[in-house]
Amino acid sequence: MARKVVASLAALIVILFLALPYASPILQAFIDPIHGVTGAALAAGLPSGKYNVQVIENATVVWDEHGVPHIYASTDEAGVYALGWVTASMRLFQMDMLRRVGEGNLSALVGEPGYDNDVFIKSLGIDGTINETWQLIQSNPELSKLKSLLLAYTDGVNAYIDYALKHNLLPVEYRVLGQKPVYWKPEDTIAIEKVIALGLAWNDEDLVLGKLVDKWGPQIIAYMDMNEWRGTVTQASCSMAVKWGDVSTKPNPYNYSSSTLGEGVALAGGSEAPPNPEPLLSWIDELRSLWSIATAGLASNNWVVSGSASESGKPIVANDPHLQLSVPPIWFLAEIHTPSFKAIGALFPGTPLIVIGRNQHLAWGFTNVMGDFTDYYYYKWDGDRYLYKGQWLEAEKKERTILVYDPMKHSFEEKKITVLRTVHGPVLERDGVRYAVKWTGLDPSFELQFFVELNNASTVQEAITAQRWFHSPIQNFVVADDQGNFAYSPVGAYPVRVNLPVLARNVTVAGRVVEEIVNRGYIPFNGSNGEGEWAGYVPKEDLPILYDPPIPYIATANSKPWDGSCGDMVGWHYADRYREERIKQLLNESLSDGVITVDEVKKIQTDIVDLSVKDYLETAILPYSDSNYAAILQEWLSTEGPLMSKDEYAPTIAVAWIYSFHKLLWEHLYGSDDDIGFLRFHYALSIVKAAAQGDEYALKLIPGGDLKALVNKSLEDALNTLTEYYGTSDYTKWKYGQIHYYNVAHPAFEAMNYAKIPASGGPYTINVASPSSFNARDGMPVTHGPSIRQVVDLSGSLYNIALPGGESGNPFSQHYQDIYLDYWTKGKYLAYTLGEDPSAYNGPMLEFIGGGSS
């Protein structure tokens, strides 16, 4: 307790000094002991007591020792009302930020720093999609339950807002900004779902690759092996696949055959060169941190062990989605018991049902499918007219208003922007560069209904059927039930692209001929020529899934989903194979000793062996160096490596050398170190392997055309940086955990960051800990990682989970970072029993009495 109080006071002091240079309106937030920052300490405890509210029936919330709410209610609506109330009590500012990001009114809360986000959202028209989605929910009888739950959740959030205003319990952030929350709307929950979709299904890789193709020619696609991904480890086999429509008992409710093609005939050849996308890329990169989720592509793991392979005889489900590590965490833990829902797990603050977790009969998890769901189109422009299939068309125009808050004056300013739209979609414009965009997330969709049905499902087949509502972002969904069924189902909206241009023919890569490279979404399309238009989506009924396959487990780790042509529709920019390979390696080792236990699954989930480090060193670095450091790493690999322990020095040298090599290669290919995350290890090593065979084109892709010189230069850069960071050239003093640490940040106030904790792991360990940067000032901070760790054995009611933070967003609360410090960073898990009697929990009790006046 003392440690947490000291941390809270330290945060307050830092906030105070950060505010001193500003004018009196902000200083007032610190001087006022009641309504200022110190007043937030009043909300540090867990709410308790009895409240008369306007709900049909009653709900009781019992808090446990970790600040996790366990909700028991006599109706579904009363349960989600209570969930809305308690989530707002712990995460109101985070909820407010998330909805405003999705609706394009962030700058009305935080001022000018939110303006670019609002321009982006309103240019795309995401706020319009949100409103349309809510209208469709209200008019569709099949979604009536979702409607009632959204309204009940909204009432619960607003009841807490009233309560907080009345009792001076607003979060710290509002006090610093001099703001108050506006009331919640059902559309706000839909907006948060769209923010999640932005983080997981929005792609800008087309623009990055477009720059590479412009510089090096289309053959670079084959040299990076993007078109085939040879030698990868896939997640599933087409030979075992069945069609989703053969398992689901209900049809797809969306019209996936509807065409989005413009009129006219596609033209051959190119009439206009694509504009330099750099202004758009820089803009999108700046906005990603606001989406509070990792860019789609870093990591996630899930696997399901069949009952035939488990110690208990029932399936085991594990999931650790690797997202942005944020303060507070992107997930909120809760348990809910109502007539329809008896579930425990993690949800996004602002949403009313468990997203990852278990109920009485099922457990489930997700990883990102790594599909291509965004396309960019360029045109020949004449003012606001654009050329399309031989005709000049006037772009649709709409004026949008953005409200920008001035925290110094406590006032608002209206700013007007004009947004454009072409036959292919909305136009993103930055510094005179224009691209139209087609994105699956701009369609109205009802993923929230999927979670209504999933939380209430009792069999895997019912869970698969519920996926009929899933559109975007498509996920690698694994699920198992207590009857022994298990499945893998990456189902959703996969675009059907037509009028695909051939970029190159008969490309020879180190003696191997690639007959044809077709632009199937790799780079922006020539919109003036009608390239790459969408002819609807792949029929959902025909999509491949695994349903009770004759194998002991299914594992996914953002790798290439399928091993054959049944998965050709997915995409092209997958994660490297190494986590997938290591998970399967360890599961097979467990099977060779007998059966797989829950403890073994936990051990696998926290594994810190990095096969990517071994592959990168042995392929690109060690063969070209006779330095002492190469000998050190060779010895490490032959004994304990690539074990990425925070207590050793070899991992420091390995990661620094690889990072420097990778960065120099990328800077040569791209012209800067921007967007370096695009360069998969697979791409880099494919180039290195071709260059090692003397391929003339591949050698041009290597800085100086000399692998040995590149290895030596990267070692020099790495050693200089490490020496400066540690203050010594004695490599035995370069303890990995000193430079490689968890850096979990608040989106608005640095002083509210979590403690920096030494981190084991590496770029592709199962327990992933890839450094976000490497420099002499900050070292190798880890800003993305397992956003939860979940393990479920369906032989009973146990539920194991860990959270990289705490339940509360209040820095004065003892539950601000307790689970992060005491469990997550130590590889430990909270253990719950679903359906435990409320008396089992020792925390305060909160009761909502229906029928009274609020």
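Each remark here, short or long, concerns the structure printed above.
What you see is a predicted model, and the numbers here were worked out from it, not measured in a lab.

Conventions we followed
Residues numbered from 1 in each chain as written. Predicted model: local features only at pLDDT ≥ 70, side-chain atom pairs only at ≥ 80, totals over all residues. Heavy atoms only, no water. Axes fitted to C-alpha atoms, helices over the stretch in contact; angles between N-to-C directions. Helix = DSSP H or I, 4+ residues; strand = E, 2+ residues; numbered from the N terminus. Parallel < 35°, antiparallel > 145°, perpendicular 65-115°, else oblique. Contact = heavy atoms within 4.5 Å. Phe/Tyr/Trp six-rings, centres within 6.5 Å; stacked < 30°, edge-to-face > 60°. Buried < 20%, exposed > 50% of the residue type's maximum accessible area, 1.4 Å probe, protein only. Disulfide = S-S within 2.5 Å. Salt bridge = Lys/Arg side-chain N within 4 Å of Asp/Glu carboxyl O. 1 Å grid on protein atoms, 1.4 Å probe; cavity = no way out; pocket = protein on both sides within 12 Å on 5 of 7 lines; lining within 4 Å. Points joined across faces, edges and corners; volume = space filled by probe spheres on them. Nonpolar A, V, L, I, M, F, W, Y, C, P; charged D, E, K, R; others polar. Patch = residues over 30% accessible without salt bridge, like charges linked within 9 Å, V, L, I, M, F, W, Y side chains within 5 Å. Areas by Shrake-Rupley, 256 points an atom, 1.4 Å probe, with all protein chains shown as cover. Lys, Arg positive; Asp, Glu negative; His and termini not counted. Charge placed at Lys NZ, Arg CZ, Asp CG, Glu CD. Pairing = 2+ DSSP bridges.

Novice: It is not clear to me how the packing of helix α3 (residues 76–103) against helix α5 (residues 115–124) should be interpreted in this structure. Could you clarify?
Specialist: When two helices pack together, you describe them by how their axes are tilted relative to each other and by the distance separating the axes. At their nearest, the axes of α3 and α5 sit 7 Å apart, and the two run at 50° to each other. One element, α3, and the other, α5, form an angle in the oblique class. Contacts between α3 and α5 involve R100, V101, G102 and E103 from the former and N117, D118, I121 and K122 from the latter.

Novice: Is there a simple way to think about the packing of aromatic side chains in this case?
Specialist: The geometry of an aromatic ring pair comes down to the distance between the two centres and the angle between the two planes. In the structure shown here, the tally under the stated rule is 57 aromatic pairs. A ring pair is formed by Y51 and W85, whose centres lie 5.7 Å apart and whose planes are at 35°; its orientation type is tilted. Placement of the pair is Y51 in strand β1 (residues 49–53) and W85 in helix α3, with a sequence separation of 34 residues. Ring centres of Y254 and F446 lie 6.0 Å apart, and the angle between their planes is 10°; on these two criteria the pair is classed as stacked. Of this pair, Y254 sits in the loop between α12 (244–247) and α13 (278–288) while F446 sits in the loop between β18 (433–439) and α14 (447–455), placing them 192 residues apart in sequence. Exposure remark for Y254: the relative accessible area of 14% places this residue in the buried category. Using a relative accessible area of 9% as the deciding quantity, one classes F446 as buried. Put simply, the rings of W229, Y522, W572, Y574, W666, Y670, F678 and Y683 touch in pairs and so form one group of aromatic residues.

Novice: How should unusual backbone geometry be read in this particular structure?
Specialist: Trans peptide bonds make up most of the peptide bonds, and negative phi angles are found at most residues other than glycine. Geometrically, the link from V327 to P328 is a cis peptide bond, its omega value of -10° lying close to zero. Looking at where P328 falls in the secondary structure, it is placed in the loop between β6 (316–324) and β7 (332–337). P473 follows S472 through a cis peptide bond whose omega is 5°. For P473, the position within the fold is in the loop between α15 (460–466) and β19 (475–481). If you check the backbone angles, H410 has positive phi at about 55° while not being a glycine. Inspection of the secondary structure assignment puts H410 in the loop between β15 (396–406) and β16 (411–422). Since its relative accessible area comes to 41%, H410 is described here as partly exposed. In this structure, D548 takes a positive phi of about 50° despite not being glycine. Checked against the element boundaries, D548 lands in the loop between β26 (544–547) and β27 (553–556). The exposure class of D548 is partly exposed, given its relative accessible area of 31%.

Novice: Is there a simple way to explain the environment of G84 in this structure?
Specialist: With respect to the helices and strands, G84 occurs in helix α3. For the pair G84 and L715, spaced 631 residues apart in the sequence, the C-alpha separation amounts to 53 Å. In this view, G84 contacts Y153, G156 and V157; residues no more than four positions away in its chain are not counted.

Novice: Help me understand the state of the cysteines, please; the structure alone is not making it clear to me.
Specialist: Covalent bonding between the sulfur atoms of two cysteines is what defines a disulfide. In total, this model carries one disulfide according to the counting rule given. Paired by a disulfide, C238 and C566 hold their sulfur atoms 2.0 Å apart. Negative torsions about the S-S bond denote left-handed disulfides, and the value of about -85° found for C238 with C566 makes this one left-handed. Taken as a pair, C238 in the loop between α11 (219–223) and β4 (242–243) and C566 in the loop between β27 and α16 (578–592) lie far apart in primary sequence, 328 residues in all. For C566, a relative accessible area of 23% translates into the label partly exposed.

Novice: Got a minute to help me understand the pattern of salt bridges in this structure?
Specialist: When the charged atoms of two side chains with opposite charge come close together, those side chains can pair. Applying the stated criterion across every chain, the model contains 36 salt bridges. The residue D116 makes a salt bridge to R430 at a minimum N-O spacing of 3.0 Å. Remark: R430 occurs in strand β17 (residues 425–430) and D116 occurs in helix α5; sequence separation between them is 314 residues. Taking the shortest distance from any N to any O, the salt bridge between E581 and R577 comes out at 3.1 Å. For E581, a relative accessible area of 27% gives the class partly exposed. Taking the relative accessible area as the measure of exposure, R577 reaches 21% and is therefore partly exposed. Residues participating in the shared-partner salt-bridge network are D96, R99, R100, K185 and D188.

Novice: Would you mind showing me how to read the environment of A776 here?
Specialist: Structurally, A776 can be placed in the loop between β29 (757–758) and β30 (780–782). For A776, a relative accessible area of 22% gives the class partly exposed. Setting aside anything within four residues of it in sequence, one finds A776 in contact with T721, E724 and Y725.

Novice: Would you mind showing me how to read empty space enclosed by the protein here?
Specialist: If you roll a probe as big as a water molecule over the atoms, it shows you where there is empty space left. By the definition in use, this model includes ten cavities of 30 Å³ or more. Along the wall of the largest cavity there are 22 residues; nearest its centre are I196, L200, F348, V355 and F451. Put simply, the parts of the chain that give the lining of the largest cavity at least two residues each are α9 (186–201), β6, β10 (362–368) and α14. Looking at the lining of the largest cavity, its residues break down into 15 nonpolar, five polar and two charged. Considering only enclosed or pocket space, the second largest cavity measures out at about 170 Å³ in volume. Lining the second largest cavity are 21 residues, and of these M90, L92, P171, G809 and N810 sit closest to its centre.

Novice: Explanation requested: α5 in the structure shown.
Specialist: Structurally, the α-helix is built with 3.6 residues per turn, so residues lying three or four positions apart point the same way. Of all ten residues in α5, nine are buried, a share of seventy percent or more. Listed in full, the buried residues belonging to α5 are Y115, N117, D118, V119, F120, I121, K122, S123 and L124. In the segment just after α5, G125 is the residue with positive phi, at about 80°.

Novice: I would appreciate a short explanation of a negative patch on the surface in the present structure.
Specialist: Residues D285, E286, D673 and D674 make up a contiguous surface patch of negative charge. Following the sequence through the fold, E286 ends up in helix α13.

Novice: What exactly am I supposed to notice about the side chain of K584 here?
Specialist: On the secondary structure map, K584 appears in helix α16. Taking the relative accessible area as the measure of exposure, K584 reaches 18% and is therefore buried. Among residues more than four places away in sequence, those in contact with K584 are V233, T234, Q235 and Y553.

Novice: Would you take a moment to explain the sheet that holds β10 for this structure?
Specialist: Backbone-to-backbone hydrogen bonds join strands into a sheet, with any given pair of strands oriented parallel or antiparallel. Taking strand neighbours across the sheet as the criterion, the twelve strands line up as β1-β35-β2-β3-β7-β8-β9-β10-β19-β20-β26-β4 in an open arrangement whose pairing is mixed. With one partner strand each, in any of the chains shown, β1 and β4 form the two edges of the open sheet. The sheet contact formed by strand β3 (residues 69–73) and β7 spans three bridges and is parallel. Residue H70 lies in a different strand from β7, and its bridge partner there is E335. Contacts between α14 and the sheet are confined to β8 (342–347), β9 (356–359), β10 and β19, with β10 contributing the most and set at about 150° to the helix.

It is worth stressing that arrangement in space is one thing and function is another; only the former is reported here.
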